[in-house]
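Letter by letter, the chains look like this.
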Amino acid sequence: MGERKAEKTGQAARPAGRFLRPAATVCQEVGFGILGPAVARRPLWRCRGLGYDSRLCSFSALVTFMFEPVRGKPDFPALETAISAWWREQGIYGKSLDRRRGGPRFVFFEGPPTANGMPHPGHCLTRTIKDLYPRYRTMRGEFCERKAGWDTHGLPVEVEVCKELGIHSKAEIEAHGVEPFIHKCQESVWRYMKEWETLTERIGFWIDLSQAYVTYHKEFVESVWWALAELFNRGLLYKGHKIVWWWAQGGTALSSGEVGQGYREVADPSVYVAFPLLDEVGQPERRCLVAWTTTPWTLPANQFAAVKADLDYVVLRHPGDVDRELIVAEPLAASLAEKLKQEFEVVERLPGSAFVGRSYLPPFDIFRQPGPPPVALLAAGGNQPAAWRVVAADFVTTDSGTGVVHIAPAFGEVDYGVLVAEQARFATGAGPTLLNPVAADGSFTDAFPMGSGRFVKECDRDITRDLRARGLLVHQEQYVHDYPFCWRAEKDPLIQYPRESWFIRTSRFREQLLANNERIEWLPEHIKHGRFGNFLESNVDWALSRERYWGTPLPIWVCDQTGRAEAVPSYEALLAKPGVTGMEVFEEAKRARPELSDDLRVHKPYIDAVTYDSPFAAGSRMRRVSEVIDCWFDSGCMPFAQWGWPHRGREEFAAQFPADFISEAIDQTRGWFYSQLAISTLLFGGSAEPADSGPAFTCTDAVDPAAGYPHPFRTCIVLGHMLGEDGQKMSKSRRNYREPAFIFDTYGADALRWFFLAGQPPWTSIRYSERAIRESVPEFLLRLWNVYSFFVIYARIDGFDPGGALAEPGTLDHADLARARGWRPPAERAELDRWMLSELHATTASMTEKLDAYDHFAAAGELSRLVDAVSNWFVRRSRDRFWSAGRAEPGGSVEKLDAYWTLYETLLTVARLAAPFVPFVTEAIWRNLACGPFGDRVPASVHLTDYPQAADGLVDRDLVRRMALVRDVASLGRAARAAEKLKVRQPLAKVEVILADPDVGDADWLAAHADLVCDELNVKEFEICQEPERYISRSLLPDLKKLGPRLGKDLPQARAAIAAADPTAILAAIQKRGQAVVPLGGGREVMLEEGDVLVRTMAKPGWAAAEGPRAVVVVAKEVSPELIAEGLVREVVHAVQTRRKALDLEFTDRIELVFATPSTELRAAVEAHLEYVAAETLAERATFTTTLAGEPIDIDGHPLVMDVIRAGGPHA
RNA sequence: GCGCGCGUAGCUCAGUUGGUUAGAGCGCCACCCUGAUAAGGUGGAGGUCCCAAGUUCGAAUCUUGGCGCGCGCACCA
């Protein structure tokens, strides 16, 4: 047995550290006392088992020691709730703000969630991201106020209340009474408030909930009013018609989201109807346009027929019916003929434009007088029939139908657009008016007697029958398609229906919106010109009003007599109006219910009661319009309305606009992202001038602040949607996800945060799976915790006392620690220490860079690699130092102390680096490692420290590269062993390494680390191979990136030629003359220069070798009898240890060993190393006997029976 | 239907301006360690890079067309 063995034997013979298990038990009992005032100074007597340690004497220091014991198996959820409570008690969030007051601002806007629904995992994600960056920037020295907010208005709230009341239509709400209904809405808004607050605190989202803005509060409403009045006064708020999806039975329009929920596949009648063209005197011709529709009930409202101008149409005639000719788009003629099962002859072929302007006979004449079509005055001069005329339209396609589109402006958005466009062509008032034979309840009016009083859809059959009777029906069939129904009343089909509505002229600002958008940093980038940009491109005016109850009332008052309107910017301005009355309605309600919120003053129905004298007509009164507004407008006003600006909060607004950072999920592109951008752009304008110099926004004037793009936000992280366990949409009924509370209680908030932050880029859709969350724990949190726990255990044993060594700790940065007694500069420390600090500071630099670029996913990856480096290389390779004798004190073991200082600095720095990601566990580490020894001399919380600054001087890039090389070599060595089934327990004589690139000086360095490699690989000797040709072959590879552009088509030949050439000769030529010539055949040749070729090293077969990109590692396969014996002995030791474990012996238990084997070889091996075996297994005696009962075990083919007896105890 | 995004190992995902042997984690199998221990480490197996055509000396990567999934807008006469 060689020297190394003896060393190890010596070590094991020392009963060092065998008390570990009991100590850990104690830690569990102690818990996390650091957080409370009751910092545990547990009596030593609880540390049972300590008596086994010869170094117990050193434990006397423990009593005054500052590091709390750490439990080996952490209970993260319990830890987190304790820390959370401590933060609350100590006001740590407030303190983190206080110390940055006056610093540069980092402005964050909270997109308001609605508190009338339960928070779900998606909110956990947004709240994690929204927490990370403010925390990070605060640690970087910026002042980041975080004001919470709640979105409280809108249909969802009304729906909740309706459910509760068991009603659903507007009529029922009215019957119930608007006033009590509103009261219910206001209460309902806070229904899940507690859950939201709990979630917010539990996930560690630091935000000021006490100062939250609330969209129904009077101050907020008044800011919104100001914005609306501003738009109104600038002529940007107008009243118009809009075609909406109308739930006729319920008397309300539905939002697109609601409509989307109600689509069902149904079969509707599909009819092809003839529209006979009219001649000059108004008589029907033979020729008929053929139009197609799946909603026959809209035919009475027909006003136009649309064709595509540049599309070819054909006039078809059936030989058996010469009295009628059909006009359809040429590409669709065949399919029509097929449907009709008829052969047609093409009479004529004409472009669509040939029909534009022609009059036709509509299918019903309810709005039309017989005779020639009446004409109307065109705006450009001249006359034209206003309606029942062919128009050209680009939206006409040949995908289906006939290429002739029936236009009923009352019942289709596109159709309505045609009407508006046509109206514009005529002199004011002369153009076509909207024809609508349907009442708001969905029944035909008397204007269409055939269907009068009946629901339109029920009239489809009668209409079709009538058309057939009059010879206008060309064809009829069933058509299966998706059609929306009311999501609350499944039998009620929705219809498109015109309603009056208020609009904001956003479309006029399209260019400004795009210019503003151009300046916003979107993550991921494609949002800017993709989804969001496209949305802006196709901007239409914002349909603002809602015919509902619970929302910000539209602050427009209209004159009874003249119909003229004005907007009111605040409640105060309203009260100042002449002859104002009606406020008493609220006052009375308040007297009846004193608990009534004063905010309801500005809500329906109270606000509707307030009227005043009209400035437009003497004796007339001004009354508010009945509508409330789209709640998205509320949210978009949040940048200023959260401060009540411009009525108040002037300073706050000036300081907090625009936002540096916002983040929400992708569904907000048309929601909050748009509402903010639109409102800000319309109100504050701005230019595309870069706003780099100084603040983009100076609020000098309350009404017209000068703004430069971008505003109101600079950077926006758009998060992906979260999916359930099965990759489907999360849904309560499907139960495909775990409640956040369950995750918190089981794995903890840090685990969930880490899963979100490090699991995937934030914009991919995240599959929220319990398994993935669970598995994210060991890879980072637990590993970090183990290192931390390892450190504390040994620091306590060895008396490592930074608090005593350093009087003024500062923030425990590298420079601060340098003042400590016993601290040595890295240059004087072991290489491993310098390596660790290199990694630490290099990672610090790159993490900072990545977080500054809002790339937390990459930053988390860096962090994870760093913790892996600490755990799996630094600690592992430093064990000898931590386990060596001597105390970690000045005057003690210098190398040991170095190791402690290195690990201490690393852990403190990692805690700060990771603090924005996993705020709880890092707090626990900081509290113990920093506050433990230093108390009040250091910041009480890791979140009150600065983010680490990389000290470039400590980064030794060569060392980092070379250490990585050693780790590679170790891995390759193991791979080589594994390939030959040479297990690590079998010592081998030698390992040889061939470096792929021998020029970097790495070889010498590696050779100097022979011990390390030998230790890792369990070999006796290390050598940089002197005759690599024995083991490897080299081949030349052309550098394709370089040669490709130069050689082009010759490249394949060149590759073949280079592969066939003698690599040694080429390399030599390049080395000597700077270039080498390789013939290509055909007289051509390739000139190779330095860098044109790469050398690839491959292991020759027949050796125990493994190759990687940087090295080939060869281990000696041959094992001498001595090596085999050592291997056998190690197998025996392993077997004994396994038995010890099976017998559940304490680590400290001494044993007696008795062996029996028929194998003389095995016996000889063991006997030769008996001392070693005894030491490794804590055996007081190890003997051989000839007969022993028991099951023999296999030691590399040698049977062995053994008996393990606990010394001094009963037979084990 | 239109738009945006995405299809890479059993699962979750990386893959930088096209370049030589496509990676990681988890899971699986085998092994190692047993003084951080209901942890830790190492190795291995596992891939038609959705399909097809094209551009190119060369395509997971670029183009076009399919197919599939997610989301958004519509539902279209």
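About the thresholds
- Residues numbered from 1 in each chain as written.
- Chains lettered and ligands numbered in written order.
- Predicted model: local features only at pLDDT ≥ 70, side-chain atom pairs only at ≥ 80, totals over all residues.
- Heavy atoms only, no water.
- Near = heavy atom within 4 Å.
- Polar contact = N/O pair within 3.5 Å; in protein donor to acceptor, adjacent residues only side chain to side chain.
- Nonpolar A, V, L, I, M, F, W, Y, C, P; charged D, E, K, R; others polar.
- Helix = DSSP H or I, 4+ residues; strand = E, 2+ residues; numbered from the N terminus.
- Buried < 20%, exposed > 50% of the residue type's maximum accessible area, 1.4 Å probe, protein only.
- Axes fitted to C-alpha atoms, helices over the stretch in contact; angles between N-to-C directions.
- Parallel < 35°, antiparallel > 145°, perpendicular 65-115°, else oblique.
- Left-handed = near helix turned anticlockwise from the far one by under 90°.
- Contact = heavy atoms within 4.5 Å.
- Pairing = 2+ DSSP bridges.
- Arc of directions from axis to C-beta.
- pLDDT = per-residue confidence, 0-100.
- Core = buried A, V, L, I, M, F, W, Y, C linked by side-chain atoms within 4.5 Å.
- Phe/Tyr/Trp six-rings, centres within 6.5 Å; stacked < 30°, edge-to-face > 60°.
- Lys NZ or Arg CZ within 6 Å of the ring centre and 35° of its normal.

Taken together, 66 residues form the shell around RNA strand B, and within it Y263, T293, W883, R985 and L1051 come nearest. Restricting the count to atoms of RNA strand B within 4 Å of the protein gives a sugar and phosphate share of 52%. In the environment of RNA strand B, a sugar or linking oxygen lies 2.2 Å from a nitrogen or oxygen atom belonging to the side chain of T293. The separation between a phosphate oxygen of RNA strand B and a polar side-chain atom of T294 is 3.2 Å. Considering only residue class, the surface near RNA strand B consists of 26 nonpolar, 19 polar and 21 charged.

Another point: unusual backbone geometry. Residue P524 is reached from L523 by a cis peptide bond, and omega for that bond is 0 degrees. Its place among the elements puts P524 in the loop between β17 (521–523) and α16 (526–529). The omega torsion of the bond from W645 to P646 falls at 5 degrees, within 30 degrees of zero and hence cis. Even without being glycine, L812 reaches a positive phi, approximately 65 degrees. In this structure, L812 sits in the loop between α27 (802–805) and α28 (814–817). Unlike most non-glycine residues, D1196 shows phi in positive territory, near 45 degrees. Structurally, D1196 can be placed in the loop between β41 (1193–1195) and β42 (1198–1206). Overall, the relative accessible area of 40% leaves D1196 in the partly exposed class.

Remark: helix α6 (residues 155–165) packs on helix α8 (residues 178–188), axes separated minimally by 9 Å, with the N-to-C direction vectors making an angle of 110 degrees. One way to sum up the angle between α6 and α8 is to call them roughly perpendicular. Of the two elements, α6 crosses α8, and the hand of that crossing is right-handed. Note on element contacts: α8 touches α6 through F181, K184, C185 and S188, opposite V157, E158, E160, V161, C162, E164 and L165.

Another point: the sheet that holds strand β25 (residues 659–665). With respect to topology, 3 strands assemble into an open sheet ordered β17-β28-β25, the strand pairing being parallel. A single partner strand is all that each edge strand has here, and the edge strands are β17 and β25. Averaged over all pairs of adjacent strands, the angle between their axes in this sheet comes to 15 degrees, without regard to strand direction. Across 3 bridges, the pairing between β17 and strand β28 (residues 713–719) is parallel. The partner of W522 across the bridge, within β28, is C716.

So, on to helix α40 (residues 1160–1168). Buried residues of α40: L1162, A1165 and V1166, and no others. All buried residues of α40 project into a common sector of 95 degrees when viewed along the axis, lining one side. Turned more than 90 degrees away from the buried face of α40 sit T1160 and A1168, all of them exposed. On its buried side, α40 packs onto α39 (1121–1142), β39 (1151–1156), α41 (1170–1177), β40 (1179–1184), β41 and β42.

Another point: the confidence of the model for chain A. Across chain A, the average pLDDT comes to 81, with 89% of residues at or above 70. A low-confidence stretch, residues 1–64 (pLDDT under 50), is modelled with 87 contacts involving residues beyond four sequence positions or located in other chains.

Now for the nonpolar core. Within the largest apolar cluster, 169 residues are counted, with the highest numbers of intra-cluster contacts made by F791, Y904 and F917. It is helix α26 (residues 770–798) that contributes the most residues to this core, 14 residues altogether. Core analysis: the second largest hydrophobic core is formed by 72 residues, I243, V290, L326 and Y497 among them.

Here H318 lies in strand β8 (residues 312–318). In this structure the C-alpha to C-alpha distance between H318 and C459, which are 141 residues apart in sequence, comes to 31 Å. Once residues lying within four places of it in the same chain are set aside, the contact partners of H318 are Q342, E343 and F344.

Once that is clear, we can look at the packing of aromatic side chains. Counted under the stated rule, the structure contains 61 aromatic pairs. With centroids separated by 4.6 Å and ring planes inclined at 50 degrees, the aromatic side chains of F444 and F448 adopt a geometry described as tilted. Classification of F444 as buried rests on a relative accessible area of 2%. On the accessibility criterion, F448 (1% relative accessible area) is buried. Ring pairs connect the aromatic residues F67, F790, F791, Y794, F800, F882, Y900, W901 and Y904, which therefore count as one cluster. Seen from the ring of Y238, R505 lies directly overhead, with NZ or CZ sitting 4.1 Å from the centre.

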